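Overview (structure and organization)
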Amino acid sequence: MGLIDKLDNKVSKTIGSLALLLVMVLLPLRVDNYVQNVLWNAMFYMLLALGLNVIVGYCGLCDLGYAAKFAIGAYTTGVLMKSFSWNFWLTLPVSMLISAITAAIVGGATLKLRSDYLAIVTLGFAEIVRISVRNMSITGSASGLIAISRPSLFGIRLTRITHWYYVFLVLVLMFIFITYRIRHSRFGRALTYIREDEDAAQAMGINTTKYKLYAYIIGAVLGGITGSFYAVKMTNISPTSFDFTQSANILLAVILGGMGKIPGVIVGAAFFAIFPELFRDIPIIGEMRMLFFGILLIVVMITRPQGLWPERKQRM
């Protein structure tokens, strides 16, 4: 009977996921550009939150500078396209490679630190990246890079918000698949052991520094990919888009949804991006919507400190 219940539960989840996917695919046919733009913004935060979830949710590392990861990807793509006239799709491997190398250098020197010390280092690294791109001429200095050309896909130039809606929907599905495979692999189980008790994991023979470095690199690569697509979608990027507030927002989406839980992280990112927009056009309330949003976040953190959709162990 237990096996039948598990199969029924799995079938129900599959049907629900396919139904939700069908709704997301058909939604642009029924809503205007403004709603599509809000949904695109939500998917953008989903990508960043899924990448950070590998570092924070799976491995338990405290990263306060995740904006630097997707800043590296965005500026790599922007510089190659503006200064060297590269095709966008050819910049993606370079963006991933630079993100991985940077993460390996920074992570290799700092991941032996724990807790508050690691948080300070990641915050400092993010500020170094932001200040560096602000003061280099090749990155456009404080003005940033402007008029980045948009790419083509299957002969279609990606200029409309509907195009970018579907591109980011595909990216979200890809990131979900990648992070799901990581979570249910031997590597993912090792990360879970490190998150729960690093000393015990080390005593069991797990090379904690190596596994934490791998998680840090994977999270950075996912952030770099997101940054590359962000650059060509926005066509303009500047250092103000990658400040500490952005890093805090991404971390907040992960914590709000439930660290380590993929559906929870998606819900947290969607809630963070969509909820303030629901009240934008309401008189008086619209002007104070961010105040109400902040109060609601405090209430959620007090009543559900484990997140909106936590892992089963954390929920128990």
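Throughout this description, residue numbers start from 1 for each chain and increase along the sequence as written. Totals for whole chains, interfaces and linings use every residue, but because this is a predicted model, local features are given only for residues with pLDDT of at least 70 and side-chain atom pairs only at 80 or more, for both listing and counting. Where side-chain values are given, they derive from all heavy atoms of the structure, hydrogens and water being excluded.

1. Some details on the overall build of the chain
Each helix is a run of DSSP H or I of at least 4 residues and each strand a run of E of at least 2, with the numbering of both proceeding from the N terminus. Counting its secondary structure elements, the chain contains 13 helices and two strands. Just to be clear, the radius of gyration here is over C-alpha atoms, and the globule rule we use is 2.2 Å times residues to the power 0.38. Its C-alpha atoms give the chain a radius of gyration of 20 Å, within 12% of the compact-globule value 20 Å for 316 residues. Along the three orthogonal principal directions, the C-alpha set of the chain runs to about 60 × 50 × 45 Å. Throughout, a contact is declared for two residues whenever any of their heavy atoms are within 4.5 Å. Relative to all contacts within the chain whose residues are 6 or more apart in sequence, the contacts with residues 24 or more apart total 76%. Under the convention used here, a 1.4 Å probe and the Shrake-Rupley method define accessible areas, while residue burial counts only the protein chains that appear. Accessible area for the chain stands at about 16200 Å²; split by element, carbon and sulfur atoms hold 67% of it. The positive count covers Lys and Arg only, the negative count covers Asp and Glu only, and His and the chain ends enter neither. To locate a charge, take atom NZ for lysine, CZ for arginine, CG for aspartate or CD for glutamate. Counting 28 positive and 15 negative side-chain charges, the chain places the averaged centre of each group 8 Å from the other.

2. A word on helix α2 (residues 33–58)
In a regular helix each residue adds 1.5 Å, so 26 residues correspond to 38 Å; α2 covers 35 Å between its end C-alpha atoms and thus fits that length. The angle between axes fitted to the seven-residue stretch ending at a residue and the seven-residue stretch beginning at it gives the bend at that residue. Residue L52 marks the point of greatest curvature in α2, where the axis turns by about 45 degrees. Of all 26 residues in α2, 21 are buried, a share of seventy percent or more. Positive backbone phi, at 80 degrees, marks G60, one or two positions downstream of α2. Helices are assigned an expected span. That span is 1.5 Å times one less than the residue count. Using a 1.4 Å probe on the protein chains alone, a residue whose accessible area is under 20% of its type maximum counts as buried, one over 50% counts as exposed, and one in between counts as partly exposed.

3. What to know about the pattern of salt bridges
Any Lys or Arg side-chain nitrogen found within 4 Å of a carboxyl oxygen on Asp or Glu counts as a salt bridge. Tallying each qualifying case throughout the model produces four salt bridges. Residues R130 and E127 are paired through a salt bridge, measuring 2.8 Å at the closest nitrogen-oxygen approach. Of this pair, R130 and E127 both sit in helix α5 (residues 115–135), three residues apart, which is roughly one turn of the helix. With a relative accessible area of 19%, R130 lands in the buried category. Residue classification places E127 among the partly exposed residues on the basis of a relative accessible area of 25%. With its nearest N and O atoms 3.0 Å apart, the salt bridge here joins E196 to R195.

4. Digging into the packing of aromatic side chains
Pairing of aromatic rings covers Phe, Tyr and Trp, the last counted by its six-membered ring, and requires centre-to-centre distances within 6.5 Å; plane angles under 30 degrees mean stacked, over 60 mean edge-to-face, and any other angle means tilted. The tally for this structure, following the rule as stated, stands at 20 aromatic pairs. An angle of 55 degrees between the planes, with centres 5.8 Å apart, marks the rings of Y75 and F242 as tilted. Of the two residues, Y75 sits in helix α3 (residues 67–83) while F242 sits in the loop between α9 (208–234) and α10 (244–257), which places them 167 residues apart along the sequence. A positively charged side chain is recorded as over a ring if its NZ (Lys) or CZ (Arg) lies within 6 Å of the ring centre. The angle to the ring normal must also be within 35 degrees. It is R183 that lies over the ring of Y58; its NZ or CZ is 6.0 Å from the centre. The aromatic ring of W40 is capped on one face by K233, whose charged end is 4.0 Å from the ring centroid.

5. Overview of the nonpolar core
The criterion is simple. A nonpolar core is a set of buried Ala, Val, Leu, Ile, Met, Phe, Trp, Tyr and Cys residues joined through side-chain atoms within 4.5 Å. The biggest cluster of nonpolar side chains holds 90 residues, and the ones touching the most others in it are F168, F229, I237 and F242. With 16 residues, the top contributor of residues to this core is α2. For I237, the residues in contact, after removing those within four places along its chain, are A74, Y75, S143, G144, L145, I148, Y230, A231 and F242.

6. A short note on the state of the cysteines
Two cysteines, two sulfur atoms, one covalent bond between them: this is a disulfide. Disulfides are defined in this document as cysteine sulfur pairs within 2.5 Å. Enumeration according to the criterion identifies zero disulfides in this entry. The thiol of C59 is unpaired, and the distance to the nearest cysteine sulfur, on C62, comes to 12 Å. Residue classification places C62 among the partly exposed positions, given a relative accessible area of 33%.

7. Observations concerning the confidence of the model for the chain
Residue-level pLDDT values for the chain average 89, and 93% of them are 70 or greater. A score from 0 to 100, pLDDT tells how confident the predictor is in each residue. Per-element mean pLDDT across the chain ranges from 57 in helix α13 (residues 312–315) up to 96 in helix α6 (residues 161–183).

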